[in-house]
Every structure is written in C-alpha cells, then in structure tokens.
Amino acid sequence: MKINKGYIAVGLIIAFAVFFELAAHADESDQATTITFSEPIQVPGQVLPAGSYLFKLIDSDADRKIVQVFNTDRTVLYATLQTIATDRSEPTDDTVVALAEQGAGQPDVLLKWFYPGRETGKEFLYPQQKEKELAQDKQQTVMATRPTVSNSDATGAGN
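Quick caveat, the model's predicted, so the values are computed rather than measured.

Conventions we followed
- Residues numbered from 1 in each chain as written.
- Predicted model: local features only at pLDDT ≥ 70, side-chain atom pairs only at ≥ 80, totals over all residues.
- Heavy atoms only, no water.
- Pairing = 2+ DSSP bridges.
- Helix = DSSP H or I, 4+ residues; strand = E, 2+ residues; numbered from the N terminus.
- Buried < 20%, exposed > 50% of the residue type's maximum accessible area, 1.4 Å probe, protein only.
- Core = buried A, V, L, I, M, F, W, Y, C linked by side-chain atoms within 4.5 Å.
- Contact = heavy atoms within 4.5 Å.
- pLDDT = per-residue confidence, 0-100.

(A) Inspection of the pairing of strand β9 (residues 120–124) at higher detail. Of the strand pairs in this sheet, strand β6 (residues 77–87) and β9 are connected by five bridges, and their pairing is antiparallel. When the bridges of β9 are listed, Ala85 appears paired with Lys122. Examined bridge by bridge, strand β8 (residues 108–114) and β9 share two bridges and lie antiparallel to one another. The residue bridging Lys112 from the neighbouring strand is Glu123, located in β9. From the end of β8 to the start of β9, which pair antiparallel, there are five residues, and Gly117 there has a positive phi angle of about 80 degrees.

(B) Molecular detail of the pairing of strand β7 (residues 96–101). Counting buried residues along β7, five of its six residues qualify, which places the element largely inside the surrounding structure. Across five bridges, the pairing between β7 and β8 is antiparallel. Bridge assignment links Ala100 to a residue of β8, and that residue is Val109. In sequence, β7 turns back onto β8 through a hairpin of six residues, with Gly103 there showing a positive phi of about 115 degrees.

(C) The nonpolar core, seen in detail. Judged by nonpolar contacts, the single largest core of 23 residues is most densely connected at Phe55, Val69, Leu110, Leu111, Trp113, Phe124 and Tyr126. Elements with a minimum of two residues in this core: β1 (33–37), β2 (41–43), β4 (51–57), β5 (66–70), β6, β7 and β8. If we skip the residues at most four places from it in the chain, Val69 touches Leu48, Tyr53, Leu54, Phe55, Val76, Leu77, Tyr78, Ala79 and Leu81.

(D) Representation of the confidence of the model for the chain in the model. When pLDDT is averaged across the chain, the result is 77; 68% of the residues are at 70 or more. Within the chain, helix α3 (residues 151–154) has the poorest average pLDDT of any element, 43, and strand β3 (residues 46–48) the best, 96. Per-residue pLDDT stays below 50 along residues 15–27; that stretch engages in three contacts with residues further than four places along the chain or on separate chains. In this model, residues 146–159 is a region of pLDDT below 50 whose contacts with residues beyond four sequence positions or in other chains number 27 contacts.

The structure is reproduced here in structure tokens:
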C-alpha cells in the first residue's frame, strides 16, 4: 500500500495550523482583564479600595462561572466570586462593567463584567436582600479604556 507523500505533507500542514490556531487563542481562555477603579468598589462580600485589579475566570473547564480578583501581578487573591451568565445586545472592543450607585458615602457596586468582543458576560451574585436594594439604585455601564492582558503580561512585575 503506497501513501502519497503529498497527502502526508497536507496532513502535517493542517495539524500544525490547528495547533498554532489553538495556541494563539490560549491567553483568552481565562479572559484575564485589568480594570482600574478611581474610587472604592464593592464586590460580593467586600469593598476593594481604589486601584487596579486583575479579573479572570478560574482555571477550570468544568465551571466557567467563578471569577477571581487579584492584584495586577497575581500575587494576592482578593476574592473568588460566583457569577451567572448575562447577555448584552451588542459586543464592544473594550471591557465593559455595569455599576450600581448606592448614594453619598457608599461605594459603587460592581454588577456585571463583559470581556471584549463577547455578548455574554458575568453577573456577580449578591445576597437576595442586597439584590433588592441594588435594583432600586441607579445603574450605569462603563467602558474600560485599558486593554485586556495576556497571561504573560499579567505575570510580570510592575503591572
């Protein structure tokens, strides 16, 4: 049985193309995003001081509903948060967050996070009483101007 060398070459080219395509998108798998807040921000269970934070999906193929919040060099984990999927009408090229304004003297509350280019984002889960209060608060959607970060960018010092 003869195998044509051309078929082998085409097969190898296809295999390499698939491999490199998968490798090129690997840094999007955890949707790592740096977001800078100019004022304190409330997430479920705590208030984060003004500053820059890295939001990313937990490294699990089984559960893509858990978001972790780190400092920008990933050395301090501030929160591990449960979310549910939420949709928006049209994706944008920027990171988008939805906030609720609680009023004077209270920090804004982080409600939703959308990764660039995605219609489906993450809605953070709050206790039922808090959710009722937040439904009464003024809500706003904010586009972040800072780009997302790749795994290699996020691990470097000074971010």
